[in-house]
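# Geometric and topological summary
Letter by letter, the chains look like this.
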Amino acid sequence: MTAKIIDGKEIAARIRTEIAADTAALVKQHGIVPGLVTILVGENPASQSYVSAKGKAAKELGFHSVQETVPAAIAEGDLLALVDRYNRDDSIHGILVQLPLPKHVNEEKVLLAIRPDKDVDAFHPVNVGKLVIGNPDFLPCTPAGIQELLVRSGAKLEGAEVVVVGRSNIVGKPIANMLLQKGKGANATVTICHTRTRDTAFHARRADVLIVAAGVPNAVTGDMVKEGAFVIDVGVNRVGTTASGKAKLVGDVDFEGASKRAAAITPVPGGVGPMTITMLMRNTLRAAQLRIRS
Ligand code: GUN
């Protein structure tokens, strides 16, 4: 079998068209323009590129987009004060503090400072809790993108064996939680593998849907993929440089090997990546829409 390539760029573009239409309706009917502020601390090149892509996507959709860049040496109190300024700014519906933060800043404290109804990353414990009990206002962006890719490319999730490799708070834990909920695009039997799992290959080989967010190139090789599985590669690993001098990106899955056995697979780049930013835009729109009723 040669796998179908799940085109994240194409699916993300389609969803952005839906978001643009809903944004136009919100502006026309309620005079509300969705507003997003991104806060970048320091000069991490990967973070800089993510934040600039987020700002660009927001502008393209006609959102009010603010990009704050502050020095890596910023005092924790000053960062908390900046977050609070946007908590109180009515033109801003979504606040995103790009992670990771410098060592001297307590990440948990900063995430706790964001108003839950402006927490478009869905990292605040209130939003994490709402997700776990099956009543979320916002879905975390990368997991939401993964679920959309699966549903829109025809994966059967009801009763499926889903194996997630990686237990991060940003991807592994929330996607596992989302797919085990009752409801459409979920109802799966979910296993999470991590660095202390005795035999990840054993679990991976029985997965109808294999989601890999390990942060390690080749964490999953072709022999670990079940014939006919859907494989979602969340990895973004910068290895060496291409001929043009840019960083070369690879995922966590051996794409060649896995493609021979999977029914469908996401490429890196061009799979999960474009979806994450699109889901952030959808959350920002949703935060603005929630304002209508309050
Ligand atoms: N760093 C890596 N991924 C993310 C993300 O989804 N949101 C934020 N805020 N920081 C990140």
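See the structure printed just above.
What this report covers is the structure whose coordinates are included nearby. (Residues numbered from 1 in each chain as written. Predicted model: local features only at pLDDT ≥ 70, side-chain atom pairs only at ≥ 80, totals over all residues. Heavy atoms only, no water.)

### Description of the sheet that holds strand β8 (residues 230-233)
We count it as follows: Two strands pair under a simple rule: DSSP has to find at least two bridges between them. Under the scheme used here, helices are H or I runs from DSSP no shorter than 4 residues and strands are E runs no shorter than 2 residues, and both carry numbers assigned from the N terminus. Any two residues whose heavy atoms approach within 4.5 Å at even a single point are treated as in contact. Whenever a helix is involved, its axis is fitted only over the stretch in contact; in every case the axis is a line through C-alpha atoms, and angles between N-to-C directions fall within 0 to 180 degrees.
Strand order in this open sheet of six strands is β1-β11-β8-β7-β5-β6, and the pairing throughout is parallel. With one partner strand each, in any of the chains shown, β1 (4-5) and β6 (189-193) form the two edges of the open sheet. Helix α7 (residues 172-180) rests against β5 (161-165), β6 and β7 (209-212) of the sheet, and its axis sits at about 170° to β6.

### Examining the nonpolar core
Keep this limit in mind: For our purposes a nonpolar core is just a set of buried Ala, Val, Leu, Ile, Met, Phe, Trp, Tyr and Cys residues, chained together by side-chain atoms within 4.5 Å. Classification of residues uses two cut-offs on accessible area relative to the type maximum, computed with a 1.4 Å probe and protein chains only: under 20% is buried, over 50% is exposed, and between them is partly exposed.
Residues I146, L150, I211 and M281 are the most contacted members of the largest nonpolar core, which totals 48 residues. Where this core is concerned, the elements lending two or more residues are α1 (8-30), α2 (45-60), α6 (141-152), β5, α7, β7, β8 and α10 (272-293). For I146, the contacting residues outside a window of four places in its chain are V171, I175, I211, I232, V234 and V272. Counting 20 residues, the second largest nonpolar core, distinct from the first, contains I39, L82, L99 and I114.

### So, α6
Note the threshold: Helix span, expected: 1.5 Å multiplied by one less than the number of residues in the helix.
Given a rise of 1.5 Å per residue, 12 residues ought to cover 16 Å, and the 16 Å separating the end C-alpha atoms of α6 matches this to within 8%. Within α6, 10 of the 12 residues are buried, which leaves the element mostly enclosed by the surrounding structure. Within the sequence span of α6, burial applies to C141, T142, P143, A144, G145, I146, Q147, E148, L149 and L150. Once α6 finishes, G154 follows within two positions and takes phi at roughly 90°, a positive value.

### Points about the sheet that holds strand β4 (residues 94-97)
Spatial ordering of the open sheet is given by β3-β2-β4, a layout of three strands whose pairing is parallel. Only two strands of the sheet have a single neighbouring strand rather than two, namely β3 (64-70) and β4. When strand polarity is set aside, the average angle formed by the axes of neighbouring strands in this sheet is 15°. Direction of pairing for strand β2 (residues 35-41) relative to β4: parallel, over a ladder of four bridges. The residue bridging L36 from the neighbouring strand is G94, located in β4. The strands touched by α2 are β2, β3 and β4; relative to β3, the strand with the most contacts, the crossing angle is about 160°.

### A closer look at the site of the ligand
Applicable threshold: Near is defined per residue: the residue qualifies when any heavy atom it owns lies within 4 Å of the molecule or strand. Polar contacts here mean pairs of N or O atoms no more than 3.5 Å apart (in protein, one a potential hydrogen donor and the other a potential acceptor; neighbouring residues in sequence count only if both atoms are side-chain atoms). Here the Shrake-Rupley method, with its probe set to 1.4 Å, supplies the accessible areas, and only the displayed protein chains count as covering residues.
Every residue lining the ligand is accounted for by K54, L96, V97, Q98, L99, D121 and F123. Between the ligand and the protein, one listed contact pairs a nitrogen atom with a backbone N or O atom of V97 at 2.8 Å. A distance of 3.0 Å separates a nitrogen atom of the ligand from a polar backbone atom of L99. The protein chains hide 82% of the 280 Å² of surface that the ligand would expose on its own.

### Details of helix α3 (residues 76-87)
Defined as follows: This arc describes the spread of directions from the helix axis toward the C-beta atoms.
In a regular helix each residue adds 1.5 Å, so 12 residues correspond to 16 Å; α3 covers 16 Å between its end C-alpha atoms and thus fits that length. Within α3 the residues assigned to the buried category are E76, L79, L82, V83, Y86 and N87. The buried residues of α3 occupy an angular sector of 150° when projected down its axis, which confines them to one face.

### As for the pattern of salt bridges
Our working rule: Only one rule defines a salt bridge in this text: a Lys or Arg side-chain nitrogen within 4 Å of an Asp or Glu carboxyl oxygen.
Inspection of every chain in the model, using the stated rule, returns 13 salt bridges. Of the charged contacts in the structure, one is a salt bridge between E76 and K109, with a shortest N-O distance of 2.9 Å. A residue pair is termed long-range when its members are at least 10 positions apart, and E76 in helix α3 and K109 in helix α4 (residues 107-113) qualify at 33 residues. For E76, a relative accessible area of 18% translates into the label buried. By relative accessible area, which is 42% here, K109 ends up partly exposed.

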